[in-house]
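Summary of structural features
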Amino acid sequence: MDSDDVRILKLYLERNEAAIEETYSKYGKYCFSIANNILNDSEAANECVNDAIFKTWSSIPKNYPKEFKAYLGRIVRNAAIDMYKKQNAQKRKEDIFGIALEELKDCVTDETGPDKEYEMHELHKMINNFLETLSQEKRFIFIQRYWYSESIKNIADRCGKNENYVSVTLNRLRKKLRRYLLEEGIEV
Amino acid sequence: MKKEDLAKAFSEIDDKYLMDADQYKPTPKRIAGGIKMLSVLGFIVCIILICTFLNKHRETNENDIASGGIKNLDIYNTTILVEDKYYHWAKSEAYLFKLPKEAEFYGRIVHTNANYPSKDCEMTSSFDVEGIIYVDKNNPQYIYLVLTTEWLNEGVIRFEVEDN
């Protein structure tokens, strides 16, 4: 964690409202981009970022994140997914997050298991273990697509490959993830 | 499991992977291409150097054979008189691995320190030499000497008739 983040976190711990301003200043665009990639709606994305920073303000005294950027991004992402679920189903299929979500059908059967809470807990561990098995490039592609909901074109540009390469890599990674989850006894 | 659950589960990806992805910098294409180009050029340069070395080595060997392995020795001013003709160390392909089938014994070399040979079988050279003269009657342009010197042991050398 860089020294700016340590300073911002200190402001949160001291309950100094400058923490919010500093967070907007440093991570406003980052948070907006995560939310907007999921919601495809700038107004909703801004609302989501505001909610997320408020949640961060509330949660920091209890938690001291190891990586502030990742911690903040996670809160924004969860808030955006919750908001997404409330949005129009027709619209979903047209945005990148909707497409990425459809792609995840390759990994799961879309049926709820008997013990969802336990299943989710195990799933978090398995996803991290799965990521550990990937090369840095493949992990980057996977995270950009399924965490940041980035478009194939943006990912291709960022990793210096063509779109076809990224699509094929993602397809293989989904199949690999499905096999991995099945082998580890996760009901998909 | 629903795809939404899986998407939500991705939120719990460990911080280290997120930060790792955040800091990921691919090798720029131009640099990667440059590295590839440099490797190819390096490979070509290596091949050229190896070929040059081998060629030089081969030339050196040939020269060594032609000169009997002794450099800076005036072998081309070596002259022998056979049947009223002067013969000189041939300038190309002088060293033979064996005598030609047509070669016939003619006589033994008589070494002289004179500037030029004046008698049959006399040979002038800047080095001590002894040996046997063979001739090919069908091809009087050449004679063959089996020479022994300090640096040559019964080597078959072709001598060429002197141009008039």
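Structure: see above.
Residues numbered from 1 in each chain as written. Chains lettered and ligands numbered in written order. Predicted model: local features only at pLDDT ≥ 70, side-chain atom pairs only at ≥ 80, totals over all residues. Heavy atoms only, no water.

What about the overall build of chain B?
In terms of regular secondary structure, chain B is built from three helices and nine strands. Helices and strands in chain B line up, N terminus first, as α-α-α-β-β-β-β-β-β-β-β-β. Surface summary for chain B: the accessible area is close to 10500 Å², and the carbon and sulfur share equals 53%. (Helix = DSSP H or I, 4+ residues; strand = E, 2+ residues; numbered from the N terminus. Areas by Shrake-Rupley, 256 points an atom, 1.4 Å probe, with all protein chains shown as cover.)

Considering helix α2 (residues 15-22) of chain B
Of the residues making up α2 of chain B, those classed as buried are D15, Y17, L18, M19 and A21 of chain B. Near the N-terminus of α2 of chain B, the side chain that reaches the backbone nitrogen of K16 of chain B, with its oxygen 3.0 Å away, is that of D14 of chain B. (Buried < 20%, exposed > 50% of the residue type's maximum accessible area, 1.4 Å probe, protein only. Polar contact = N/O pair within 3.5 Å; in protein donor to acceptor, adjacent residues only side chain to side chain.)

Side note on the interface of chain A and chain B
The interface of chain A with chain B comprises 47 residues on the first partner and 25 residues on the second. For the chain A and chain B pair, buried surface summed over both sides reaches about 3700 Å², with 59% attributable to carbon and sulfur atoms. Applying the counting criterion to the chain A and chain B interface returns four salt bridges. A salt bridge links K16 of chain B to E132 of chain A; its shortest N-O distance comes to 3.8 Å. The interface formed by chain A and chain B contains 15 residue pairs in polar contact (both at pLDDT 80 or more). (Contact = heavy atoms within 4.5 Å. Buried area = accessible area lost by both parts, 1.4 Å probe. Salt bridge = Lys/Arg side-chain N within 4 Å of Asp/Glu carboxyl O.)

Some words on the environment of G107 of chain B
Residues and elements named next belong to chain B. Considering the arrangement of structural elements, one finds G107 in strand β4 (residues 104-108). Taking the C-alpha atoms as reference points, G107 and I133, separated by 26 residues in sequence, lie 5.2 Å from one another. In this view, G107 contacts I132 and I133; residues no more than four positions away in its chain are not counted.

Things to note about the pairing of strand β8 (residues 142-148) of chain B
Residue and element names in this part refer to chain B. The buried fraction of β8 is high, at six of seven residues. Examined bridge by bridge, strand β7 (residues 130-135) and β8 share six bridges and lie antiparallel to one another. If you follow Y134 over to β8, its bridge partner there is Y144. Joining the antiparallel neighbours β7 and β8 is a turn of six residues. (Pairing = 2+ DSSP bridges.)

Observations concerning the nonpolar core
Counting residues in each nonpolar core, the largest one holds 72 residues, and the members touching the most others are I143 and W147 of chain A together with F10 and I13 of chain B. For this core, the leading source of residues is helix α4 (residues 68-86) of chain A, giving eleven residues. In contact with F10 of chain B, other than residues within four places in its own chain, are R77, L104, I127, F142, Y146, W147 and L177 of chain A. The next biggest cluster of nonpolar side chains, apart from the first, holds 21 residues, and it includes V82, M123, F127 and I157 of chain B. (Core = buried A, V, L, I, M, F, W, Y, C linked by side-chain atoms within 4.5 Å.)

What about the packing of helix α1 (residues 3-13) of chain A against helix α2 (residues 18-39) of chain A?
Residues and elements named next belong to chain A. Relative to each other, α1 and α2 sit at 150 degrees, their axes nearing to 8 Å. In terms of their interaxial angle, α1 and α2 are classed as roughly antiparallel. In this structure, the crossing between α1 and α2 has a hand that is left-handed. On the side of α1, the interface is formed by D4, D5, R7, I8, L11 and Y12, while α2 contributes A18, A19, I20, E22, T23, K26 and Y27. Partitioned by chemical class, the residues of the contact of α1 with α2 number seven nonpolar, one polar and five charged. (Axes fitted to C-alpha atoms, helices over the stretch in contact; angles between N-to-C directions. Parallel < 35°, antiparallel > 145°, perpendicular 65-115°, else oblique. Left-handed = near helix turned anticlockwise from the far one by under 90°. Nonpolar A, V, L, I, M, F, W, Y, C, P; charged D, E, K, R; others polar.)

A closer look at the side chain of Q144 of chain A
Relative to the helices and strands, Q144 of chain A resides in helix α8 (residues 136-146). When neighbours within four sequence positions are excluded, Q144 of chain A is seen to be in contact with S149, E150, I155 and R158 of chain A together with A21 of chain B.

Focus: the packing of aromatic side chains
Residues and elements named next belong to chain A. Following the criterion strictly, the structure yields 18 aromatic pairs over all chains and no others. On the numbers, 5.7 Å between centres and 55 degrees between planes, the contact of Y12 with F68 is tilted. Taken together, the residues Y12 in helix α1 and F68 in helix α4 connect sequence positions 56 residues apart. For Y12, a relative accessible area of 0% puts it in the buried group. (Phe/Tyr/Trp six-rings, centres within 6.5 Å; stacked < 30°, edge-to-face > 60°.)

Thoughts on a nonpolar patch on the surface
Residue and element names in this part refer to chain B. Judged by side-chain polarity, M37, L38, V40, L41, F43, I44, I47 and I48 come together as a nonpolar surface patch covering roughly 790 Å² of accessible area. For L41, the position within the fold is in helix α3 (residues 29-66). According to the relative accessible area criterion, L41 is partly exposed, its value standing at 45%. (Patch = residues over 30% accessible without salt bridge, like charges linked within 9 Å, V, L, I, M, F, W, Y side chains within 5 Å.)

Concerning helix α9 (residues 152-159) of chain A
Residues and elements named next belong to chain A. Within the span of α9, buried status applies to I152, I155, A156 and C159. Along the long axis of α9, the arc covered by the buried residues comes to 100 degrees, so they all point the same way. The inward-facing, buried residues of α9 abut α8 and α10 (163-183). G160 occupies a position one or two residues after α9 and carries a positive phi of about 70 degrees. (Arc of directions from axis to C-beta.)

Things to note about the packing of α9 of chain A against α10 of chain A
Residue and element names in this part refer to chain A. For the pair α9 and α10, the least separation of the axes is 8 Å and the interaxial angle reads 105 degrees. Compared by their axis directions, α9 and α10 come out roughly perpendicular. From α9, I152, K153, I155, A156 and C159 reach across to α10, where they touch E163, V166, S167 and L170. Residues belonging to the contact of α9 with α10 are distributed by class as follows: six nonpolar, one polar and two charged.

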